[in-house]
Amino acid sequence: MFSNYLIGLREGLEASLVVCILIAYLVKTGNKDKLGPLWLGVGLAAALSLAFGAGLEFGTSELTFQAQEAIGGSLSIVSVALVTWMVFWMKRTARHMKSELQDKLDAALAMGTGALVTTAFLAVGREGLETSLFVWRSVHAAGDGAGPLVGVLLGIGSSILLGWLFYRGALKINLSKFFTWTGGMLVVVAAGVLAYGVHDLQEAEFLPGLKNKAFDVSSAVPPDSWYGTLLKGTFNFQPDPTWLQAGVWLAYLVPTLLLFLGVFARTASPAPTPAAAAPAPAPAPSESTSGS
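Analysis parameters
- Residue numbers restart at each chain and count upward from 1, following the sequence in its written direction.
- Only residues with pLDDT of at least 70 are given local features in this predicted model, and only at 80 or more are side-chain atom pairs given and counted; all residues enter the totals for whole chains, interfaces and linings.
- Excluding hydrogens and water, the side-chain figures rest on all heavy atoms present in the structure.
- Runs of H or I in DSSP of at least four residues are treated as helices and runs of E of at least two as strands, each being numbered from the N terminus.
- Any residue under 20% of the maximum accessible area for its type is buried, any over 50% is exposed, and the rest in between are partly exposed; the area is computed with a 1.4 Å probe on protein chains only.
- Throughout, a contact is declared for two residues whenever any of their heavy atoms are within 4.5 Å.
- Computed with the Shrake-Rupley method and a 1.4 Å probe, the accessible areas treat only the protein chains shown as cover for residues.
- By definition here, a helix of n residues has an expected span of 1.5 Å times n minus one.
- In this description, one arc is meant: the one made by directions from the helix axis to the C-beta atoms.
- Patch rule: a residue counts if its relative accessible area is over 30% and it has no salt bridge; like charges are joined within 9 Å, and nonpolar side chains (Val, Leu, Ile, Met, Phe, Trp, Tyr) within 5 Å.
- By convention in these notes, a salt bridge is any Lys or Arg side-chain nitrogen within 4 Å of a carboxyl oxygen on Asp or Glu.

Further remarks concern the overall build of the chain. Helices and strands together make up the secondary structure of the chain, namely 10 helices and 0 strands. Written out in order from the N terminus, the α and β elements of the chain read α-α-α-α-α-α-α-α-α-α. Counting over 292 residues, the chain shows a buried share of 42%. Partitioning the intrachain contacts of the chain with sequence separation of at least 6 by distance along the chain shows that 82% fall at a separation of at least 24. Summed over its atoms, the accessible surface of the chain is roughly 16,100 Å², and 69% of this surface lies on carbon and sulfur atoms.

When the terminal C-alpha atoms of helix α4 (residues 97-111) are compared, their 21 Å separation across 15 residues agrees well with the 21 Å that a helix rising 1.5 Å per residue should span. If you check which residues of α4 are buried, you get M97, L101, Q102, L105 and A108. Taken down its axis, α4 places every buried residue within 125° of arc, on the same side. Structural note: α4 exposes D103, A110 and M111 on the side pointing more than 90 degrees away from its buried face. Residue G112 follows α4 closely and has a positive phi angle near 125°.

This brings us to the environment of L149. Inspection of the secondary structure assignment puts L149 in helix α6 (residues 147-168). Taking relative accessible area as the criterion, L149 reaches 46% and is therefore assigned partly exposed.

To continue, consider a nonpolar patch on the surface. On the surface, L48, F52 and L129 cluster together to form a nonpolar patch covering roughly 210 Å² of accessible area. By the secondary structure assignment, L48 is in helix α2 (residues 35-59). By relative accessible area, which is 35% here, L48 ends up partly exposed.

Moving on: the pattern of salt bridges. The tally for this structure, following the rule as stated, stands at 1 salt bridge. One salt bridge in this structure joins K213 and D240, with 4.0 Å as the shortest N-O distance. Placement of K213 in the loop between α7 (175-203) and α8 (226-235) and of D240 in the loop between α8 and α9 (243-261) is noted, with a sequence separation of 27 residues between them. Using a relative accessible area of 21% as the deciding quantity, one classes D240 as partly exposed.

Spelled out as structure tokens, the structure:
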């Protein structure tokens, strides 16, 4: 449940901050009459995201088991790729997000109402589609029951509240630190979703090694125990992964997390060389006197 809460909070707060920045800029520049088209674009983006999520959930329900696993596994890989790109992009651009959005809004205001609706739709829609896809895969990876979905809804609700407080000036958020910490945790969640997707593709017989278990700690960590449920809901932990699952999990998590936290950048940067000693000033030439 915690991992899904984190996804809802992180992704929802991105969308909430985008909306807050757009609204604040319209109000500040005396364009309050343009809030209607802005909210129309936001509403259309939210409707598209919900429709996309519903299509993923109900569109695959009538397929065969192997087809469902093949589609689910493939979409897991796609969602992990999108989320990985997103966390790196957000870490790099969080400081400049406000100015970039304001520039786009200025251009949209100059072009007219349709451009304003489109700008709001695109700004929020990208976040919504990514969230729908990643939430769908994460909820399925966390198992059945209402817990994962409740976690997502609580996270989205918290993000809306934080966004409102941020807009009202009651909350100051260091966006760079927030997206760095939540991004690192999201990389851990994404590793579990990726491993779950590999297992789906193995069950669909697209990948080999379904019966080759790396280890099995089901007796020590029963999946139906409270701590087994906690580990699965938080880290997508599986007590009996295959060798391929474990290898993919490690191959993704370790380098991605190190790159995200900047370890490679620090170790690769050359050590600063000591400043060279400044050369001693040359002695001033002595004035020569000519004999008479």
